[in-house]
Amino acid sequence: MSTNLRSLPLHMNNKQTEKLKFDKNHVWHPYTSMVNPLPSYLVESAQGVHINLASGEKLVDGMSSWWSVLHGYNHPELNKALVTQSDKFSHVMFGGLTHEPAIDLCNTLIELTPSGLNKVFLSDSGSVSVEVALKMSLQYWHSKNKPEKHKILTVKNGYHGDTFAAMAVCDPVNGMHQLFEPVLMKNLFAPAPTIAFHQEWNDTDVEELSAMFAKHHNEIAAFIIEPIVQGAGGMRMYHPNYLKACRDLCDQYNVLMIVDEIATGLGRTGKLFACEWADISPDIICLGKTLTGGYMTLAATLCTDEIANSISNGEAGCFMHGPTFMGNPLACAVANASLAILKRNQWQQQISTMERMLKDQLLPLINHVRVKDTRVLGGIGVVEATENVNMEAIQKRFVEMGVWIRPFGKLIYIMPPFITNEEQLTLLNNAIGKVLDDDTCFHRN
Ligand SMILES: *Cc1c(COP(=O)(O)O)cnc(C)c1O
(Lines give C-alpha, C1' and ligand atoms only; values in the text may rest on other atoms or scores of the structure.)
Protein backbone atom coordinates (compact mmCIF):
# COMPACT_ATOMS: atom_id res chain seq x y z
CA MET A 1 0.00 0.00 0.00
CA SER A 2 1.18 3.47 -0.77
CA THR A 3 1.97 5.41 2.37
CA ASN A 4 3.44 8.43 0.70
CA LEU A 5 2.18 11.27 2.86
CA ARG A 6 5.02 13.67 2.18
CA SER A 7 2.83 16.45 0.91
CA LEU A 8 0.03 16.14 3.42
CA PRO A 9 -0.21 18.73 6.16
CA LEU A 10 1.91 17.77 9.13
CA HIS A 11 0.15 18.85 12.30
CA MET A 12 -2.76 16.42 12.44
CA ASN A 13 -3.34 13.82 15.11
CA ASN A 14 -2.71 10.14 14.39
CA LYS A 15 -6.36 9.30 13.88
CA GLN A 16 -6.73 12.01 11.24
CA THR A 17 -3.53 10.93 9.53
CA GLU A 18 -4.86 7.36 9.41
CA LYS A 19 -8.16 8.55 7.90
CA LEU A 20 -6.34 10.43 5.18
CA LYS A 21 -4.26 7.36 4.45
CA PHE A 22 -7.45 5.33 4.03
CA ASP A 23 -8.90 8.03 1.80
CA LYS A 24 -5.84 7.99 -0.40
CA ASN A 25 -5.93 4.22 -0.78
CA HIS A 26 -9.65 3.56 -1.09
CA VAL A 27 -11.77 6.62 -1.76
CA TRP A 28 -12.27 7.80 -5.29
CA HIS A 29 -12.37 11.59 -5.75
CA PRO A 30 -13.66 13.47 -8.84
CA TYR A 31 -11.53 12.87 -11.91
CA THR A 32 -8.59 11.38 -10.00
CA SER A 33 -6.24 8.45 -10.28
CA MET A 34 -6.42 5.63 -7.72
CA VAL A 35 -2.84 4.67 -8.55
CA ASN A 36 -1.23 8.02 -7.96
CA PRO A 37 -3.84 10.27 -6.34
CA LEU A 38 -2.97 13.83 -5.49
CA PRO A 39 -3.34 14.65 -1.80
CA SER A 40 -6.73 15.63 -0.42
CA TYR A 41 -7.10 17.95 2.54
CA LEU A 42 -9.22 16.85 5.49
CA VAL A 43 -11.98 19.34 6.33
CA GLU A 44 -13.03 19.76 9.94
CA SER A 45 -15.66 22.49 9.66
CA ALA A 46 -16.77 25.37 7.50
CA GLN A 47 -18.23 28.70 8.52
CA GLY A 48 -19.20 31.71 6.42
CA VAL A 49 -16.67 31.87 3.57
CA HIS A 50 -14.13 29.75 5.45
CA ILE A 51 -13.23 26.08 5.06
CA ASN A 52 -11.35 24.92 8.15
CA LEU A 53 -8.88 22.08 7.70
CA ALA A 54 -8.08 19.45 10.30
CA SER A 55 -4.46 20.53 9.99
CA GLY A 56 -5.40 23.96 11.31
CA GLU A 57 -5.48 26.14 8.19
CA LYS A 58 -8.47 28.44 7.75
CA LEU A 59 -9.11 28.93 4.03
CA VAL A 60 -11.16 31.57 2.24
CA ASP A 61 -13.20 29.58 -0.28
CA GLY A 62 -12.80 30.88 -3.80
CA MET A 63 -14.77 28.05 -5.42
CA SER A 64 -18.11 28.12 -3.58
CA SER A 65 -17.69 24.34 -3.55
CA TRP A 66 -18.13 24.26 -7.33
CA TRP A 67 -20.49 27.23 -7.72
CA SER A 68 -23.01 26.02 -5.17
CA VAL A 69 -22.43 27.91 -1.90
CA LEU A 70 -24.06 31.32 -2.24
CA HIS A 71 -24.71 32.56 1.30
CA GLY A 72 -21.82 30.85 3.06
CA TYR A 73 -21.32 27.69 5.08
CA ASN A 74 -23.13 26.90 8.31
CA HIS A 75 -25.76 29.55 7.71
CA PRO A 76 -28.24 29.80 10.62
CA GLU A 77 -31.35 30.15 8.42
CA LEU A 78 -30.37 27.28 6.16
CA ASN A 79 -29.45 25.10 9.14
CA LYS A 80 -32.81 25.89 10.71
CA ALA A 81 -34.73 24.99 7.54
CA LEU A 82 -33.12 21.56 7.58
CA VAL A 83 -33.70 20.91 11.26
CA THR A 84 -37.31 22.11 11.11
CA GLN A 85 -38.03 19.87 8.14
CA SER A 86 -36.24 16.82 9.55
CA ASP A 87 -38.37 17.13 12.70
CA LYS A 88 -41.43 16.69 10.44
CA PHE A 89 -40.14 14.18 7.87
CA SER A 90 -36.88 13.84 5.97
CA HIS A 91 -38.18 11.94 3.01
CA VAL A 92 -41.26 10.40 1.47
CA MET A 93 -41.67 8.92 -1.99
CA PHE A 94 -42.91 11.41 -4.59
CA GLY A 95 -45.07 8.87 -6.41
CA GLY A 96 -48.63 9.47 -5.20
CA LEU A 97 -47.47 11.74 -2.35
CA THR A 98 -46.58 15.41 -2.31
CA HIS A 99 -45.53 17.99 0.27
CA GLU A 100 -45.29 21.71 0.91
CA PRO A 101 -41.50 22.08 0.59
CA ALA A 102 -41.67 20.77 -3.01
CA ILE A 103 -44.83 22.71 -3.88
CA ASP A 104 -43.39 25.96 -2.55
CA LEU A 105 -40.09 25.41 -4.34
CA CYS A 106 -41.76 24.74 -7.70
CA ASN A 107 -43.95 27.79 -7.23
CA THR A 108 -40.90 29.99 -6.58
CA LEU A 109 -38.95 28.53 -9.49
CA ILE A 110 -41.81 29.24 -11.90
CA GLU A 111 -42.00 32.78 -10.58
CA LEU A 112 -38.24 33.45 -10.85
CA THR A 113 -37.29 31.75 -14.12
CA PRO A 114 -37.79 33.35 -17.56
CA SER A 115 -41.42 33.45 -18.70
CA GLY A 116 -43.25 30.42 -20.09
CA LEU A 117 -41.51 27.78 -17.97
CA ASN A 118 -44.48 26.49 -15.99
CA LYS A 119 -43.87 22.80 -15.38
CA VAL A 120 -41.17 21.59 -12.98
CA PHE A 121 -39.44 18.21 -12.79
CA LEU A 122 -37.28 17.80 -9.67
CA SER A 123 -34.28 15.49 -9.59
CA ASP A 124 -31.10 14.88 -7.61
CA SER A 125 -28.20 16.28 -9.61
CA GLY A 126 -27.30 18.52 -12.50
CA SER A 127 -26.41 15.66 -14.82
CA VAL A 128 -29.78 14.05 -14.19
CA SER A 129 -31.60 17.32 -14.86
CA VAL A 130 -29.83 17.38 -18.24
CA GLU A 131 -30.79 13.74 -18.90
CA VAL A 132 -34.36 14.73 -18.07
CA ALA A 133 -34.24 17.71 -20.46
CA LEU A 134 -32.91 15.54 -23.29
CA LYS A 135 -35.48 12.82 -22.63
CA MET A 136 -38.25 15.42 -22.59
CA SER A 137 -37.11 16.67 -26.00
CA LEU A 138 -37.12 13.19 -27.50
CA GLN A 139 -40.48 12.30 -26.00
CA TYR A 140 -41.88 15.62 -27.20
CA TRP A 141 -41.02 14.98 -30.85
CA HIS A 142 -42.19 11.40 -30.55
CA SER A 143 -45.57 12.68 -29.36
CA LYS A 144 -45.61 15.03 -32.37
CA ASN A 145 -45.11 12.06 -34.71
CA LYS A 146 -41.65 13.25 -35.64
CA PRO A 147 -39.43 10.55 -34.11
CA GLU A 148 -36.82 11.34 -36.76
CA LYS A 149 -36.06 14.45 -34.74
CA HIS A 150 -33.85 12.63 -32.22
CA LYS A 151 -30.43 14.27 -32.42
CA ILE A 152 -29.10 16.98 -30.18
CA LEU A 153 -27.22 19.98 -31.52
CA THR A 154 -24.78 21.79 -29.27
CA VAL A 155 -21.56 23.80 -29.38
CA LYS A 156 -18.01 22.69 -28.65
CA ASN A 157 -16.35 23.47 -25.29
CA GLY A 158 -19.60 22.76 -23.47
CA TYR A 159 -20.05 20.91 -20.20
CA HIS A 160 -23.37 19.39 -19.20
CA GLY A 161 -22.53 16.57 -16.80
CA ASP A 162 -21.01 13.11 -16.55
CA THR A 163 -23.85 10.66 -17.20
CA PHE A 164 -24.09 9.15 -20.68
CA ALA A 165 -26.59 11.41 -22.43
CA ALA A 166 -25.20 14.50 -20.69
CA MET A 167 -21.66 13.44 -21.56
CA ALA A 168 -22.69 13.04 -25.20
CA VAL A 169 -23.33 16.80 -25.39
CA CYS A 170 -20.08 17.77 -23.60
CA ASP A 171 -17.07 18.81 -25.66
CA PRO A 172 -16.00 15.61 -27.47
CA VAL A 173 -12.28 16.21 -26.88
CA ASN A 174 -12.41 17.43 -23.26
CA GLY A 175 -14.97 14.70 -22.57
CA MET A 176 -12.74 11.95 -24.04
CA HIS A 177 -15.59 10.73 -26.21
CA GLN A 178 -13.34 8.26 -28.00
CA LEU A 179 -13.36 6.10 -24.85
CA PHE A 180 -17.12 5.69 -24.98
CA GLU A 181 -17.58 5.84 -28.73
CA PRO A 182 -19.54 2.57 -29.17
CA VAL A 183 -22.33 3.53 -26.77
CA LEU A 184 -22.47 7.31 -26.91
CA MET A 185 -25.33 9.15 -28.66
CA LYS A 186 -24.08 10.67 -31.91
CA ASN A 187 -24.84 14.34 -31.65
CA LEU A 188 -24.02 17.41 -33.71
CA PHE A 189 -21.35 19.90 -32.65
CA ALA A 190 -21.09 23.45 -33.92
CA PRO A 191 -17.96 25.51 -33.23
CA ALA A 192 -17.86 27.20 -29.84
CA PRO A 193 -18.74 30.89 -29.70
CA THR A 194 -15.60 32.96 -30.24
CA ILE A 195 -16.71 36.54 -29.61
CA ALA A 196 -16.25 37.33 -25.95
CA PHE A 197 -18.87 38.96 -23.75
CA HIS A 198 -17.33 42.42 -23.84
CA GLN A 199 -16.11 42.34 -27.46
CA GLU A 200 -17.85 43.90 -30.42
CA TRP A 201 -20.44 41.60 -31.98
CA ASN A 202 -20.22 40.24 -35.49
CA ASP A 203 -22.78 37.89 -37.09
CA THR A 204 -20.01 35.72 -38.52
CA ASP A 205 -19.83 34.01 -35.11
CA VAL A 206 -23.10 32.17 -35.78
CA GLU A 207 -22.53 31.36 -39.47
CA GLU A 208 -21.55 27.72 -39.01
CA LEU A 209 -24.19 27.19 -36.37
CA SER A 210 -26.85 28.58 -38.75
CA ALA A 211 -25.62 26.30 -41.50
CA MET A 212 -25.93 23.29 -39.22
CA PHE A 213 -29.48 24.23 -38.27
CA ALA A 214 -30.34 24.66 -41.96
CA LYS A 215 -28.83 21.33 -42.94
CA HIS A 216 -29.93 19.10 -40.06
CA HIS A 217 -33.08 20.59 -38.54
CA ASN A 218 -35.23 17.67 -39.68
CA GLU A 219 -33.27 15.36 -37.39
CA ILE A 220 -32.66 17.77 -34.50
CA ALA A 221 -34.83 17.45 -31.40
CA ALA A 222 -33.14 20.10 -29.32
CA PHE A 223 -30.26 22.53 -29.10
CA ILE A 224 -28.52 22.69 -25.71
CA ILE A 225 -26.15 25.39 -24.49
CA GLU A 226 -24.76 26.93 -21.32
CA PRO A 227 -25.96 30.54 -21.48
CA ILE A 228 -23.22 33.25 -21.62
CA VAL A 229 -20.63 31.28 -19.60
CA GLN A 230 -19.15 28.00 -20.79
CA GLY A 231 -18.04 26.65 -17.43
CA ALA A 232 -16.09 23.44 -16.94
CA GLY A 233 -15.41 23.32 -20.70
CA GLY A 234 -13.10 26.34 -20.56
CA MET A 235 -14.54 29.16 -18.41
CA ARG A 236 -15.33 31.34 -21.42
CA MET A 237 -17.86 34.17 -21.48
CA TYR A 238 -19.45 34.75 -24.86
CA HIS A 239 -21.52 37.51 -26.43
CA PRO A 240 -25.24 37.79 -25.55
CA ASN A 241 -26.05 38.23 -29.26
CA TYR A 242 -24.84 34.68 -29.80
CA LEU A 243 -27.44 33.39 -27.35
CA LYS A 244 -30.09 35.59 -28.95
CA ALA A 245 -29.21 34.13 -32.35
CA CYS A 246 -29.55 30.62 -30.92
CA ARG A 247 -33.09 31.41 -29.80
CA ASP A 248 -33.94 32.78 -33.26
CA LEU A 249 -32.50 29.72 -35.00
CA CYS A 250 -34.43 27.34 -32.72
CA ASP A 251 -37.64 29.23 -33.55
CA GLN A 252 -36.90 29.39 -37.26
CA TYR A 253 -36.12 25.67 -37.54
CA ASN A 254 -38.58 24.26 -35.02
CA VAL A 255 -35.95 22.98 -32.58
CA LEU A 256 -36.40 23.00 -28.80
CA MET A 257 -33.98 25.24 -26.92
CA ILE A 258 -32.50 23.83 -23.71
CA VAL A 259 -30.54 26.23 -21.56
CA ASP A 260 -28.25 24.74 -18.93
CA GLU A 261 -28.18 27.27 -16.07
CA ILE A 262 -26.82 24.76 -13.57
CA ALA A 263 -23.72 26.91 -12.96
CA THR A 264 -24.98 30.36 -14.00
CA GLY A 265 -28.47 30.32 -12.48
CA LEU A 266 -29.40 32.42 -9.44
CA GLY A 267 -27.27 35.51 -9.76
CA ARG A 268 -23.71 34.45 -10.48
CA THR A 269 -23.30 36.37 -13.76
CA GLY A 270 -24.95 39.56 -12.48
CA LYS A 271 -28.42 38.62 -13.74
CA LEU A 272 -30.67 36.21 -11.86
CA PHE A 273 -30.43 33.94 -14.92
CA ALA A 274 -27.77 34.32 -17.60
CA CYS A 275 -30.56 34.06 -20.24
CA GLU A 276 -31.57 37.56 -19.20
CA TRP A 277 -28.40 39.00 -20.79
CA ALA A 278 -29.94 38.08 -24.15
CA ASP A 279 -33.50 38.66 -23.03
CA ILE A 280 -34.60 35.20 -24.10
CA SER A 281 -36.71 32.38 -22.67
CA PRO A 282 -35.73 28.80 -23.46
CA ASP A 283 -38.20 25.95 -23.91
CA ILE A 284 -36.44 23.97 -21.18
CA ILE A 285 -34.12 25.15 -18.42
CA CYS A 286 -31.85 23.05 -16.18
CA LEU A 287 -31.01 24.22 -12.66
CA GLY A 288 -28.77 22.52 -10.12
CA LYS A 289 -25.59 23.42 -8.26
CA THR A 290 -26.80 26.75 -6.80
CA LEU A 291 -30.32 25.63 -5.93
CA THR A 292 -29.89 24.77 -2.24
CA GLY A 293 -27.18 27.33 -1.53
CA GLY A 294 -24.69 24.46 -1.49
CA TYR A 295 -26.40 22.44 1.24
CA MET A 296 -27.80 19.43 -0.53
CA THR A 297 -27.89 17.89 -3.94
CA LEU A 298 -30.99 18.99 -5.86
CA ALA A 299 -31.78 19.87 -9.44
CA ALA A 300 -34.78 20.97 -11.46
CA THR A 301 -35.79 20.88 -15.10
CA LEU A 302 -38.52 23.36 -16.08
CA CYS A 303 -40.35 23.27 -19.39
CA THR A 304 -43.21 24.97 -21.18
CA ASP A 305 -46.86 23.89 -20.95
CA GLU A 306 -46.70 22.93 -24.62
CA ILE A 307 -43.88 20.42 -24.03
CA ALA A 308 -45.42 18.95 -20.88
CA ASN A 309 -48.87 18.65 -22.47
CA SER A 310 -47.58 17.06 -25.68
CA ILE A 311 -45.53 14.50 -23.76
CA SER A 312 -48.52 13.70 -21.57
CA ASN A 313 -50.76 13.24 -24.61
CA GLY A 314 -48.16 11.03 -26.32
CA GLU A 315 -47.84 7.27 -26.59
CA ALA A 316 -46.56 6.70 -23.04
CA GLY A 317 -49.18 9.00 -21.53
CA CYS A 318 -46.61 10.34 -19.09
CA PHE A 319 -43.01 11.46 -18.85
CA MET A 320 -40.86 8.36 -18.47
CA HIS A 321 -38.68 9.29 -15.51
CA GLY A 322 -38.94 9.20 -11.70
CA PRO A 323 -35.94 9.21 -9.36
CA THR A 324 -36.31 7.56 -5.93
CA PHE A 325 -35.31 10.73 -4.13
CA MET A 326 -37.33 13.04 -6.37
CA GLY A 327 -38.42 16.17 -4.51
CA ASN A 328 -36.55 15.23 -1.34
CA PRO A 329 -38.18 17.37 1.39
CA LEU A 330 -34.93 18.28 3.15
CA ALA A 331 -33.38 19.47 -0.10
CA CYS A 332 -36.53 21.39 -1.07
CA ALA A 333 -36.80 22.99 2.38
CA VAL A 334 -33.23 24.24 2.31
CA ALA A 335 -33.66 25.41 -1.30
CA ASN A 336 -36.69 27.43 -0.21
CA ALA A 337 -34.69 29.02 2.60
CA SER A 338 -31.80 29.79 0.24
CA LEU A 339 -34.13 31.34 -2.35
CA ALA A 340 -35.79 33.41 0.39
CA ILE A 341 -32.38 34.90 1.23
CA LEU A 342 -31.75 35.53 -2.46
CA LYS A 343 -35.12 37.24 -2.83
CA ARG A 344 -34.11 39.84 -0.25
CA ASN A 345 -32.07 41.04 -3.19
CA GLN A 346 -28.67 41.66 -1.67
CA TRP A 347 -27.14 39.48 -4.35
CA GLN A 348 -27.12 42.29 -6.91
CA GLN A 349 -25.04 44.53 -4.68
CA GLN A 350 -22.83 41.60 -3.65
CA ILE A 351 -22.15 40.55 -7.24
CA SER A 352 -21.55 44.07 -8.54
CA THR A 353 -19.03 44.75 -5.75
CA MET A 354 -17.36 41.44 -6.50
CA GLU A 355 -17.27 42.18 -10.23
CA ARG A 356 -15.68 45.60 -9.68
CA MET A 357 -12.97 44.11 -7.45
CA LEU A 358 -12.29 41.16 -9.74
CA LYS A 359 -11.87 43.63 -12.60
CA ASP A 360 -9.59 45.90 -10.60
CA GLN A 361 -7.41 43.13 -9.22
CA LEU A 362 -7.46 40.26 -11.74
CA LEU A 363 -7.69 41.93 -15.15
CA PRO A 364 -4.28 43.69 -14.76
CA LEU A 365 -2.63 40.26 -14.45
CA ILE A 366 -2.88 40.15 -18.26
CA ASN A 367 0.52 41.88 -18.21
CA HIS A 368 2.15 38.92 -16.48
CA VAL A 369 4.37 36.82 -18.76
CA ARG A 370 2.65 33.65 -17.66
CA VAL A 371 -0.85 34.91 -18.46
CA LYS A 372 -2.61 34.42 -21.78
CA ASP A 373 -5.98 35.95 -20.91
CA THR A 374 -7.95 37.38 -18.01
CA ARG A 375 -11.73 37.67 -17.94
CA VAL A 376 -14.39 38.69 -15.47
CA LEU A 377 -18.18 38.57 -15.50
CA GLY A 378 -20.30 39.06 -12.40
CA GLY A 379 -18.89 36.93 -9.61
CA ILE A 380 -16.59 34.94 -11.90
CA GLY A 381 -12.91 35.77 -12.35
CA VAL A 382 -10.65 33.79 -14.68
CA VAL A 383 -6.90 33.89 -15.28
CA GLU A 384 -5.84 31.71 -18.20
CA ALA A 385 -2.16 30.82 -17.89
CA THR A 386 0.17 29.99 -20.76
CA GLU A 387 1.09 26.67 -19.12
CA ASN A 388 -0.78 23.93 -17.28
CA VAL A 389 -0.70 24.21 -13.52
CA ASN A 390 1.10 21.66 -11.39
CA MET A 391 -1.97 20.75 -9.38
CA GLU A 392 -0.24 19.33 -6.32
CA ALA A 393 2.17 22.25 -5.98
CA ILE A 394 -0.33 25.01 -6.72
CA GLN A 395 -2.89 23.52 -4.33
CA LYS A 396 -0.30 23.45 -1.56
CA ARG A 397 0.75 27.04 -2.28
CA PHE A 398 -2.86 28.25 -2.15
CA VAL A 399 -3.45 26.44 1.16
CA GLU A 400 -0.32 28.02 2.61
CA MET A 401 -1.67 31.42 1.61
CA GLY A 402 -5.02 30.72 3.32
CA VAL A 403 -7.22 30.29 0.25
CA TRP A 404 -9.06 27.43 -1.45
CA ILE A 405 -8.71 27.72 -5.22
CA ARG A 406 -8.74 24.66 -7.46
CA PRO A 407 -7.59 25.32 -11.00
CA PHE A 408 -7.87 22.96 -13.96
CA GLY A 409 -5.48 22.79 -16.88
CA LYS A 410 -4.34 26.32 -17.59
CA LEU A 411 -7.31 27.92 -15.86
CA ILE A 412 -7.05 29.54 -12.46
CA TYR A 413 -10.50 30.84 -11.66
CA ILE A 414 -12.69 31.85 -8.75
CA MET A 415 -16.40 32.29 -8.12
CA PRO A 416 -16.51 33.00 -4.38
CA PRO A 417 -19.62 32.85 -2.17
CA PHE A 418 -21.79 35.96 -2.57
CA ILE A 419 -21.08 37.02 1.04
CA THR A 420 -17.30 37.29 0.48
CA ASN A 421 -16.12 40.68 1.76
CA GLU A 422 -13.57 42.96 0.12
CA GLU A 423 -10.70 41.88 2.33
CA GLN A 424 -11.36 38.19 1.65
CA LEU A 425 -11.69 38.81 -2.06
CA THR A 426 -8.40 40.69 -2.10
CA LEU A 427 -6.75 37.74 -0.37
CA LEU A 428 -8.04 35.43 -3.14
CA ASN A 429 -6.95 37.75 -5.95
CA ASN A 430 -3.52 38.36 -4.42
CA ALA A 431 -2.99 34.63 -4.02
CA ILE A 432 -3.58 34.19 -7.76
CA GLY A 433 -1.05 36.94 -8.47
CA LYS A 434 1.50 35.22 -6.25
CA VAL A 435 1.25 31.71 -7.74
CA LEU A 436 1.92 33.21 -11.16
CA ASP A 437 5.38 34.21 -9.92
CA ASP A 438 6.11 30.71 -8.66
CA ASP A 439 7.72 28.40 -11.26
CA THR A 440 7.06 25.30 -9.17
CA CYS A 441 3.28 25.85 -9.58
CA PHE A 442 3.41 25.25 -13.35
CA HIS A 443 4.48 22.59 -15.80
CA ARG A 444 6.72 23.60 -18.63
CA ASN A 445 4.98 23.21 -21.97
C1 LIG B 1 -21.83 20.98 -12.88
C2 LIG B 1 -22.61 21.11 -14.12
C3 LIG B 1 -23.43 20.07 -14.57
C4 LIG B 1 -23.52 18.73 -13.86
O5 LIG B 1 -24.06 18.83 -12.58
P6 LIG B 1 -23.79 17.66 -11.52
O7 LIG B 1 -24.57 18.07 -10.32
O8 LIG B 1 -22.32 17.64 -11.28
O9 LIG B 1 -24.27 16.38 -12.10
C10 LIG B 1 -24.15 20.27 -15.73
N11 LIG B 1 -24.09 21.44 -16.40
C12 LIG B 1 -23.33 22.47 -15.99
C13 LIG B 1 -23.31 23.74 -16.76
C14 LIG B 1 -22.55 22.34 -14.85
O15 LIG B 1 -21.78 23.35 -14.45
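Residues numbered from 1 in each chain as written. Predicted model: local features only at pLDDT ≥ 70, side-chain atom pairs only at ≥ 80, totals over all residues. Heavy atoms only, no water.

In the region of the ligand, the neighbouring residues are S125, G126, S127, Y159, H160, G161, E226, D260, I262, A263 and K289. One of the side-chain N or O atoms of S127 is found 2.6 Å from an oxygen atom in the ligand. Within the contact set of the ligand, a nitrogen atom lies 2.7 Å away from a side-chain nitrogen or oxygen of D260. Protein burial of the ligand: of its 380 Å² of free accessible surface, 83% is covered by the chains. (Near = heavy atom within 4 Å. Polar contact = N/O pair within 3.5 Å; in protein donor to acceptor, adjacent residues only side chain to side chain. Areas by Shrake-Rupley, 256 points an atom, 1.4 Å probe, with all protein chains shown as cover.)

Turning to its location among the elements, M401 is positioned in the loop between α12 (391-400) and β15 (403-404). Sequence-wise, M401 and L428 are 27 residues apart; in three dimensions their C-alpha atoms are separated by 8.9 Å. Residue contacts for M401: discarding those within four places in its chain leaves L427, A431, K434 and V435. (Helix = DSSP H or I, 4+ residues; strand = E, 2+ residues; numbered from the N terminus. Contact = heavy atoms within 4.5 Å.)

Right, let's talk about the domain arrangement of the protein chain for a bit. Domain assignment breaks the protein chain into domain 1 (41-71 + 347-441) and domain 2 (77-344). Each of domain 1 and domain 2 has a C-alpha centre, and these two points are 27 Å apart. Listed by partner, the interface residues are 25 residues for domain 1 and 27 residues for domain 2. On the domain 1 side of the interface with domain 2, the three residues burying the most area are W67, W347 and L377, jointly 36% of the side's total. (Domains from an automatic or database assignment. Buried area = accessible area lost by both parts, 1.4 Å probe.)

Running from N to C, α12 and helix α13 (residues 422-436) cross one another at 135°; their axes reach a closest spacing of 10 Å. Here α13 runs oblique to α12, going by the angle between their axes. Crossing of α12 against α13: the hand is right-handed. Residues I394, R397 and F398 of α12 pack against A431, I432, K434 and V435 of α13. Looking at the contact of α12 with α13 residue by residue, the classes come out as 5 nonpolar, no polar and 2 charged. (Axes fitted to C-alpha atoms, helices over the stretch in contact; angles between N-to-C directions. Parallel < 35°, antiparallel > 145°, perpendicular 65-115°, else oblique. Left-handed = near helix turned anticlockwise from the far one by under 90°. Nonpolar A, V, L, I, M, F, W, Y, C, P; charged D, E, K, R; others polar.)

Turning next to α12. When we look at burial in α12, the residues that qualify are M391, I394, Q395, F398 and V399. Down the axis of α12, the buried side of the element spans an arc of 135°, and every buried residue falls inside it. Residues of α12 that are buried in the fold lie against β2 (50-53), β3 (58-61), β15, β16 (411-414) and α13. (Buried < 20%, exposed > 50% of the residue type's maximum accessible area, 1.4 Å probe, protein only. Arc of directions from axis to C-beta.)

Further remarks concern the nonpolar core. As a rule of thumb, nonpolar side chains are buried together in soluble globular proteins. By size, the foremost hydrophobic cluster in this structure holds 130 residues, and its most contacted members are L209, F223, I225, F398 and I412. In this structure, this core is formed jointly by two domains, domain 1 (41-71 + 347-441) and domain 2 (77-344), each of which donates at least three residues. L330, V334, A337 and I341 belong to the second-largest nonpolar core, a separate cluster that totals 7 residues. (Core = buried A, V, L, I, M, F, W, Y, C linked by side-chain atoms within 4.5 Å.)

What the rule picks out here adds up to 9 aromatic pairs. Between F121 and F319 the ring centres are 5.3 Å apart and the planes differ by 90°, which places this aromatic pair in the edge-to-face class. Of the two residues, F121 is situated in strand β4 (residues 119-123) and F319 in the loop between α9 (305-312) and α10 (329-343); the sequence distance between them amounts to 198 residues. Taking the relative accessible area as the measure of exposure, F319 reaches 17% and is therefore buried. (Phe/Tyr/Trp six-rings, centres within 6.5 Å; stacked < 30°, edge-to-face > 60°.)

Below, the discussion takes up the pairing of strand β10 (residues 256-260). For β10, a buried count of 5 out of 5 residues is recorded, marking the element as mostly surrounded by other parts of the structure. Side chains L256, I258 and D260 of β10 all project onto a buried face; the interleaved residues M257 and V259 project onto the opposite face, where all are buried too. Pairing of strand β7 (residues 220-225) with β10 involves 4 bridges; the strand directions are parallel. When the sheet's bridge partners are listed, I224 is paired in β10 with I258. Alignment of β10 against strand β11 (residues 284-287), held across 3 bridges, turns out to be parallel. The residue bridging D260 from the neighbouring strand is C286, located in β11. (Pairing = 2+ DSSP bridges.)

With antiparallel pairing, the 3 strands of this open sheet are ordered in space as β13-β14-β16. In this open sheet, the two edge strands, each paired with only one partner strand, are β13 (371-377) and β16. Neighbour to neighbour, the strand axes of the sheet diverge by 10° on average, direction disregarded. As defined by bridge partners, strand β14 (residues 380-385) adjoins β16 across 4 bridges and the pair is classed as antiparallel.

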